[in-house]
Amino acid sequence: MSDAAALPGQPRGTVASGPATTRTVNILAPNPSAMTLDGTNTWIVAEPDADLAVVIDPGPLDDVHLRAVIEAVERSGRRVGLTLLTHGHPDHAEGAGRFAELTGTKVRALDAALRLGDEGLAAGDVITTGGLELRVVPTPGHTADSLSFHLPADRAVLTGDTILGRGTTVVAHPDGRLGDYLDSLRRLRSLTVDDGVHTVLPGHGPVLEDAQGAVEFYLAHRAHRLAQVETAVEAGHRTPSDVVATVYADVDRSLWPAAELSVRAQLEYLTEHGLIQP
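Bear in mind the structure is a predicted one, so any value in this text is a computation, not a measurement. (Residues numbered from 1 in each chain as written. Predicted model: local features only at pLDDT ≥ 70, side-chain atom pairs only at ≥ 80, totals over all residues. Heavy atoms only, no water.)

A. Layout of helix H6 (residues 211–234). Helix length check: H6, at 24 residues, gives a terminal C-alpha distance of 35 Å against a target of 34 Å (1.5 Å per residue), a fit within 8%. For H6, the complete set of buried residues consists of Ala-211, Ala-214, Val-215, Tyr-218, Leu-219, His-221, Arg-222, Arg-225, Leu-226, Val-229, Ala-232 and Val-233. For H6, the secondary structure elements touched by its buried residues are helix H5 (178–194), strand S11 (199–202), helix H7 (240–247) and helix H8 (256–272). Of the residues flanking the end of H6, it is Gly-236, one or two places downstream, whose phi is positive at about 105°. (Helix = DSSP H or I, 4+ residues; strand = E, 2+ residues; numbered from the N terminus. Expected span 1.5 Å × (residues − 1). Buried < 20%, exposed > 50% of the residue type's maximum accessible area, 1.4 Å probe, protein only. Contact = heavy atoms within 4.5 Å.)

B. Quick peek at the layout of surface pockets. Empty space within the largest pocket amounts to approximately 640 Å³. Lining of the largest pocket is provided by 27 residues; of these, Met-35, Thr-168, Thr-169, Val-170 and Leu-255 occupy positions nearest its centre. The set of elements that each furnish at least two residues to the lining of the largest pocket consists of H6 and H8. Its residues placed into classes, the lining of the largest pocket shows 13 nonpolar, nine polar and five charged. (1 Å grid on protein atoms, 1.4 Å probe; cavity = no way out; pocket = protein on both sides within 12 Å on 5 of 7 lines; lining within 4 Å. Points joined across faces, edges and corners; volume = space filled by probe spheres on them. Nonpolar A, V, L, I, M, F, W, Y, C, P; charged D, E, K, R; others polar.)

C. View of the sheet that holds strand S4 (residues 52–56). With respect to topology, six strands assemble into an open sheet ordered S1-S2-S3-S4-S5-S6, the strand pairing being mixed. Of all the strands in the sheet, just strand S1 (18–21) and strand S6 (107–108) have a single pairing partner and so form its edges. Of the pairings in the sheet, the one linking S4 to strand S5 (residues 79–84) comprises five bridges and is parallel in character. Counted as the bridge partner of Val-55 is Thr-83 from S5. (Pairing = 2+ DSSP bridges.)

D. Inspection of the sheet that holds strand S7 (residues 126–127) at higher detail. Within the open sheet, the five strands sit side by side as S7-S8-S9-S10-S11. Their pairing is mixed. The open sheet has two free edges, formed respectively by S7 and S11, since each of these has just one partner strand. Bridge analysis of S7 against strand S8 (residues 134–138) gives two bridges, and the strand direction is antiparallel. Bridging from a neighbouring strand, Ile-127 pairs with Leu-134 of S8. Together, S8, strand S9 (147–151) and strand S10 (156–160) form the strand contacts of H5, whose direction differs from that of S8 by roughly 150°. (Axes fitted to C-alpha atoms, helices over the stretch in contact; angles between N-to-C directions.)

Shown next, in the form of C-alpha cells:
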C-alpha cells in the first residue's frame, strides 16, 4: 500500500494543472497559502465531444490565471459556455466578474450577489451546457452559500471547500454553521453509497480517489473535535480563544484564528443541542 493510499480519501499525489477525470481538467491558481493549500483548483468540465465547457471557480482576480484557464479551454477545441461558483470566498470567486468579461459568459451561484445574469443555482438544478449532466448539490456549512456539483458520468463530485484534498475544512462562523455542515457531509456520503461516487474533485489539494473514505474521515474528525471542545468547556475553558489554546495546541499558531472560527461554530452547535450551557 502506498503512503497516499494510507491517507484519508486516498489523495492522488501532487497537485498540478491537468486532466483529472474523463470530463475534468484542473488549472491550479498561483495563490498557495496555509488556507488555500497548493492554491485554488479551477475546474474545467466538458463532455469529450462538446464544443462548450463549464468553468467552476475561476479563482482569484489574477489575469494571468484567468487567461490560462481560457487558453486551456481553447486548446481543447472548445469555448467557455458557463461559469459556476461553489461559494463566494475570494479565492474561488473574486475573479468571476473579470472571467465573465473575458469569456462573455454568465456566472451562476447560489448567492444572488455573485451572479451575472438572471439564473441562480438551487438544489435539484441540472447543468446541461455542452451536453453535460452536472447536478447541483446544496452543501452549506463551510459557508451558507456552499454548493457541490455531482458529475455522474465520471462518478465524481466537485466539493469546493466542503471537502478538501488535504486536511480539514474550516466552518466559518458566523456564516458557516456546524449542524448544516454535518448534514452536508451526510448528503455527500449518500452520493457515495447510493449514486456510486468514488472521486472527490476538491477546491484545494489533490484529487481524492476514495470519496466515501474521505467523507467518513471528515465525519469522524468532527465528532472527535466536538468531544474535545465539550471536554474543554467542562474543564472551565469558556472563551473560544481558551478552547483553541487547549484543543488546537498541536496546530500551527498561524492557523489559530481560523480554528477559532470553527470553535465558535462548535460552541454554538453544542449550546443549541443542550450539550453545554451558554
